[in-house]
Each structure stands twice: as structure tokens, then as C-alpha cells.
Amino acid sequence: MKTFKIGGVHPHDNKLAAGRRFEPVPLPKEAIIQLNQHIGAPAVPVVEPGEEVKVGQLIAKANGFVSANIHSSVSGKVTKIDEIIDAWGAHQPAIFIEVEGDVWMPDIDISGKFKPTCNLSADEIKRKIADAGIVGLGGACFPTHVKLNPPKEHVIDTLIVNGVECEPYLTPNHRLMIEKGEEIMVGVQILMRALGVDTALIGIECNKRDAIEELERIAARKEGIRIVPLKMKYPQGGEKQLIQALTGREVKSGQLPSSTGVVVQNVATVFAVYEAVQLNKPLIEMYMSVCGKEMEQNGNFRARIGCSVNDVVNMIGGMPEVTGKIIAGGPMMGRAMIHLNTPVTKRTTGITFISQKSAPRFASSPCIRCGRCIQACPMGLEPYLLYKKALQKDWDFMEAHHIMDCMECGCCTFTCPSRQPLLDFVRLGKATVAANIRKRKS
Ligand code: SF4
Ligand code: SF4
């Protein structure tokens, strides 16, 4: 079975909610919609306090190249435009909406009918995707329309759809492939049309046998779409790793994935593309999982952007008392949260609870030079050395040794027998080098 060549680890997948269908989250009393739900500059509000809005109405416009439009996920009255303190303690601009009823914009198709045919041109498709505020829903939140316009010198021949979901605990992509397979396949055809390619490969790890079978059944009726089962190995869902596993092509250091003739889109993004292009529905809902070994239940949810994460968690009994760590996302690449009283955003793919027993950070012992971190690094870096250089603040060395290639996957920390905090310092080094590069460029 196919996989990527260098590094990788095998954490337990803990897909506790894999068998649970999506449940809709009830409408909140108030929706708090953040203005920076994408990489790039925060969107600029186009509504004022006191204004009435409908579901799907544009409330903030993209502000620059890698910014994205934001739409209201609820109907009601804008009460204020203010800051919130997010789950990481940072101030974030947001639009507050008091919810009244559930009135949708008239041009959004809410009939529930499946729409398999799209006759739009590539430019029309890209425009609809940009207007709908679609961003990469694998957690990166890079605007999808930008990815669909690669540099002219990159000739694209293949669309890759990322259905890997190798991050432990998370299950929304798995459930989407089972519950929304027909829509996803139309989304794939729409993206193939937008890119002008005849081939699409959908990579799925072999622990999702039911999703592989479902999409293979649908793909049998489609031209040029192939499902490729992949060996389980983390971080198989990394863009560069997935391209290598599926095509054998290698993204060179400092190059864009499109330099290999490939554009990668996450399976949840593909579903959002279907809704945007076929139903005129902007990105106003997230499909997410809530998981933890000590939860009363584990579950998958369809939540309006702007509703409270706490409300979603309370649907299955709330945060377990023995929780030691709350993570936005999964335990490998997710970020620890300081509270749950934060709105769902386009970044919210799941909430994971780790018990006090599993959460403590153990004291590290000296490096024994076993080399395991080097073997585990999927980018071919030397994490122990980068860690040492970060402690010495030798940023130039780190830049020369390709720190910017680090994908922050955490394989190095996961594998270290001395429990060295490798990822923390590699991240610090990467952020510092990135800031230095930006300074030099400006
Ligand atoms: S976090 Fe960075 S350095 Fe560590 S294994 Fe992943 S890519 Fe390599
Ligand atoms: S895995 Fe840990 S102990 Fe082994 S070389 Fe890397 S930092 Fe040192």
C-alpha cells in the first residue's frame, strides 16, 4: 500500500467518534463571528451595529490577496463590532449578532435537493468560490480561490483530494465521505473543471474502509477519478507527503506544491465547494468532532460558525472533570486552548479532551543522541540540532538548515525518549526566521 518515503510515526488513531453521524447544533442566542478566520488580513466589516442580517449575507469583505469573505451564519441584528479574547488569550475582532429566527438569503438553495450538474466556466467557478469565502478546511484556512490560481509557469495536471485525516481523534472528514459522498464527488468534478485537469486522486488512509468503499462505488460512475487507499502513517495528510505518496513527485525545499503539477484540496473543502457552486451557499457551517477517552459520549457535529464551542461540547455531557488539556484539533498538530467559551470558526475541525493522567509534561532528560527524531522527521530535518540552535538563538543557522520546511507535525517530540521539547523550540525558531525573512523583504 502506498505511503510517503521519509520519516513518520504511528500514534494510536483513537477515532472514537468514527461511527457517529453528524448531529446539527441548535441555533445560538448570539453568534460571534470572528473577522480573521483565514490566513492573511482580517476581513473588513460591511455591516453596522443595528443592521438586520440574514443567513448567508456577506458581513465582512476579504482584505487583500490571502484574505477571505465572511458571511453571517444566522439571521438577526448586529449588536456590536468588538474584540473577543479567543481560546489562546489573543484579542480578535468579531461581529456580534443577536439571533432572531432563521431567515436565509433568497438566492441560497435550501431545498435539500442533490444537484449533480455544473455547466459553469472555470472562471465562474473560481469567482463563486471566492465570493463564498471558502478556505482550506484541513485547518490551514488558506483561501481556496487563491490555490486554484497557481503561478502561470506551474502546469497543473492532477487534482489531489485529501481524505487522509491522519490526526488522531478527528473524524469529520471520515464522516463527510460516508454521509456526503455524492456531493463530494460533484465537488471534485467542479474543481477538476476549474483547474482544467482530467485526473483526480482521492487519498484515504486504510483505517476508513467504509469511506473508501463508498467513494469507490460512486467513482466507478465518474471519469478520471480514482480512490487510492493509503497505509496508516502520520503525517500522511501533510500536503507534501500526500503528493509523494500518490504521485511519487517531490516538492522541493522552498517550492509550492503546484510546482509538481498538483493542487491539493481537503475533502471538507471539496464539500464546501459543492455547496458554494451548486447551492450558492457560502461557508457558514463547520463539520467537527468532539472526542476524549473520558467523555460521556463522543460525537460529530454540524455547527454554525459563530456558535459557542462550549454549547457544542455540552451536547454530549460537557467537558469531563478529569480533563488535563483541551485541544483545538487533534493531539499532534492541534493547539491547547485555555477555555471553551470561544466561537466556532473556519478553523474548528474538532475539540479533543486529554485526561489529567495523559496530559502532564514530563521533565526532560539529556539528549542521548539516539537519532530517532531525525528518523521520524518527514521533512528530512535534524530536530535535535535545530532545538539546540534555537536555545542558542542562532536563527541564521536554522534558516540555512531549512527550518522553514518544518511542517510542525510533532513527530520529533512524539518519538523522543528523552522527552525533549523539540517541537516548541523548532516552532519558536521557525516563527523567528519567518519574521526575519519578512523584515528583509520589506
Ligand atoms: S515538527 Fe518539524 S522538525 Fe519536528 S518532525 Fe515535524 S517537520 Fe521535522
Ligand atoms: S530523539 Fe531525543 S534523545 Fe534522540 S537524538 Fe533526538 S533529541 Fe536526542
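For the structure itself, look to the data block above.
As the structure is a computational prediction, the values presented were derived from the model and not from experiment.

### Brief notes about the overall build of the protein
Inference 1: Each helix and strand in the protein was counted, giving 13 helices and 17 strands.
Inference 2: Relative to its length of 442 residues, the protein is compact, with a C-alpha radius of gyration of 21 Å against a globular reference of 22 Å.
Inference 3: For the C-alpha atoms alone, the extent of the protein along its principal axes is close to 65 × 50 × 50 Å.
Inference 4: Going through the 442 residues of the protein one by one, you find that 50% of them count as buried.
Inference 5: In the protein, the proportion of contacts linking residues at least 24 apart, taken out of those at least 6 apart, comes to 74%.

### Regarding the site of ligand 2
Inference 1: Near ligand 2 you find 14 residues, and of these Cys367, Cys370, Cys373, Tyr384 and Cys416 are the closest.
Inference 2: For the shell around ligand 2, the class distribution of residues is eight nonpolar, four polar and two charged.

### As for the site of ligand 1
Inference 1: Among the 16 residues in the neighbourhood of ligand 1, the closest are listed as Cys377, Cys406, Cys409, Cys411 and Cys412.
Inference 2: When contributions to the shell around ligand 1 are tallied by element, the ones reaching two or more residues are helix H12 (411–415) and helix H13 (422–441).
Inference 3: Ranked by the residues each element gives to the shell around ligand 1, the list is headed by H13, at three residues.
Inference 4: For the shell around ligand 1, the residue count by class is 14 nonpolar, one polar and one charged.

### Focus: unusual backbone geometry
The phi torsion of most residues other than glycine is negative, and most of the peptide bonds are trans.
Inference 1: Backbone torsion omega between tyrosine 234 and proline 235 reads 0°, so that peptide bond is classified as cis.
Inference 2: For proline 235, the position within the fold is in the loop between strand E11 (225–230) and helix H6 (239–247).
Inference 3: A positive phi angle is found at asparagine 14, which is not glycine, with a value near 45°.
Inference 4: Looking at where asparagine 14 falls in the secondary structure, it is placed in the segment before strand E1 (22–24).
Inference 5: Residue classification places asparagine 14 among the partly exposed positions, given that 19 C-beta atoms sit within 10 Å.
Inference 6: A positive phi is found at glutamate 165, a non-glycine position, where the angle reads about 45°.
Inference 7: Secondary-structure assignment places glutamate 165 in the loop between strand E9 (158–162) and helix H3 (172–179).

### Focus: the sheet that holds strand E7 (residues 76–85)
Inference 1: Spatially, four strands are ordered E2-E8-E7-E4 in an open sheet, and the strand pairing comes out antiparallel. The open sheet terminates on both sides in strands that have one partner only, identified here as strand E2 (30–34) and strand E4 (52–53).
Inference 2: The pairing of E7 with strand E8 (residues 91–99) spans nine bridges and is antiparallel. Within the sheet, the bridge partner assigned to aspartate 82 lies in E8 and is alanine 94.

### Some details on the pairing of strand E12 (residues 262–266)
Inference 1: With five of five residues buried, E12 lies mostly within the body of the structure.
Inference 2: Burial along E12 is two-sided: Val262, Val264 and Asn266 facing one way and Val263 and Gln265 facing the other are all buried.

### Notes on the nonpolar core
Inference 1: Among the nonpolar cores identified, the biggest contains 124 residues, and Val188 and Val273 are the most heavily contacted of them.
Inference 2: Those residues in contact with valine 188 that sit more than four places away from it in its chain are Leu159, Val161, Ala200, Ile225 and Val270.

### Regarding the sheet that holds E9
Inference 1: Judged by pairing direction, the sheet is parallel, and its four strands sit side by side in the order E11-E10-E9-E12 without closing on themselves. The open sheet terminates on both sides in strands that have one partner only, identified here as E11 and E12. Neighbour-to-neighbour, the strand axes of this sheet turn through a mean angle of 25°, independent of strand direction.
Inference 2: One ladder, built from five bridges, connects E9 with E12; its direction is parallel. Looking at E12, one finds that isoleucine 160 is bridged to valine 264.

### Concerning the environment of histidine 402
Inference 1: Within the secondary structure layout, histidine 402 lies in the loop between helix H11 (395–400) and H12.
Inference 2: What makes histidine 402 partly exposed here is the crowd of 16 C-beta atoms within 10 Å.
Inference 3: For histidine 402 and glycine 76, which are 326 residues apart along the polypeptide, the C-alpha to C-alpha distance reads 49 Å.
Inference 4: Those residues in contact with histidine 402, other than ones at most four positions away along the chain, are Ser253 and Leu381.

### Some words on the packing of helix H10 (residues 383–391) against H13
Inference 1: It is at 8 Å that the axes of H10 and H13 come closest, and there the two elements cross at 60°. By the criterion of interaxial angle, the relationship of H10 to H13 is oblique. The two elements H10 and H13 cross, and the hand of that crossing is left-handed. Residues Pro383, Tyr384, Leu386, Tyr387, Lys389, Ala390 and Leu391 of H10 form the contact with H13, whose participating residues are Leu422, Phe425, Val426, Leu428 and Gly429.
Inference 2: Grouping the constituent residues of the contact of H10 with H13 by class yields ten nonpolar, one polar and one charged.

### Overview of H6
Inference 1: Counting buried positions along H6 yields eight of nine residues, so the element is predominantly enclosed.
Inference 2: Looking only at H6, the buried set comprises Glu239, Lys240, Gln241, Leu242, Ile243, Gln244, Ala245 and Leu246.
Inference 3: Elements in contact with the buried residues of H6: E9, strand E10 (199–205), E11 and E12.
Inference 4: Trailing H6 by a residue or two, glycine 248 shows a phi angle of about 80°, which is positive.

### Quick look at H13
Inference 1: The terminal C-alpha atoms of H13, which comprises 20 residues, lie 28 Å apart, in line with the 28 Å expected from a rise of 1.5 Å per residue.
Inference 2: Along H13, the residues that are buried comprise Leu422, Leu423, Val426, Gly429, Lys430 and Val433. Down the axis of H13, the smallest arc covering the buried residues is 125°, so these residues share one side. The exposed set on the far side of H13, more than 90 degrees from its buried face, consists of Ala431, Ala435, Arg438 and Lys439.
Inference 3: Buried residues along H13 sit against helix H9 (372–376), H10, H11 and H12.

### Quick word on the packing of H3 against helix H5 (residues 209–219)
Inference 1: Put simply, H3 and H5 touch, their axes get as near as 8 Å, and they point 35° apart. Note on packing geometry: the crossing formed by H3 with H5 is left-handed. The segment H3 lies against H5, with His174, Met177 and Ile178 engaging Asp210, Ala211, Glu214 and Leu215.
Inference 2: Residue classes in the contact of H3 with H5 are distributed as four nonpolar, one polar and two charged.

About the criteria used
Residues numbered from 1 in each chain as written. Chains lettered and ligands numbered in written order. Predicted model: local features only at pLDDT ≥ 70, side-chain atom pairs only at ≥ 80, totals over all residues. Helix = DSSP H or I, 4+ residues; strand = E, 2+ residues; numbered from the N terminus. Rg over C-alpha atoms; globule rule 2.2 N^0.38 Å. Buried ≥ 20, exposed ≤ 12 C-beta atoms within 10 Å, placed from the backbone. Contact = placed C-beta atoms within 7 Å. Near = placed C-beta within 6 Å. Nonpolar A, V, L, I, M, F, W, Y, C, P; charged D, E, K, R; others polar. Pairing = 2+ DSSP bridges. Core = buried A, V, L, I, M, F, W, Y, C linked by C-beta atoms within 7 Å. Axes fitted to C-alpha atoms, helices over the stretch in contact; angles between N-to-C directions. Parallel < 35°, antiparallel > 145°, perpendicular 65-115°, else oblique. Left-handed = near helix turned anticlockwise from the far one by under 90°. Expected span 1.5 Å × (residues − 1). Arc of directions from axis to C-beta.

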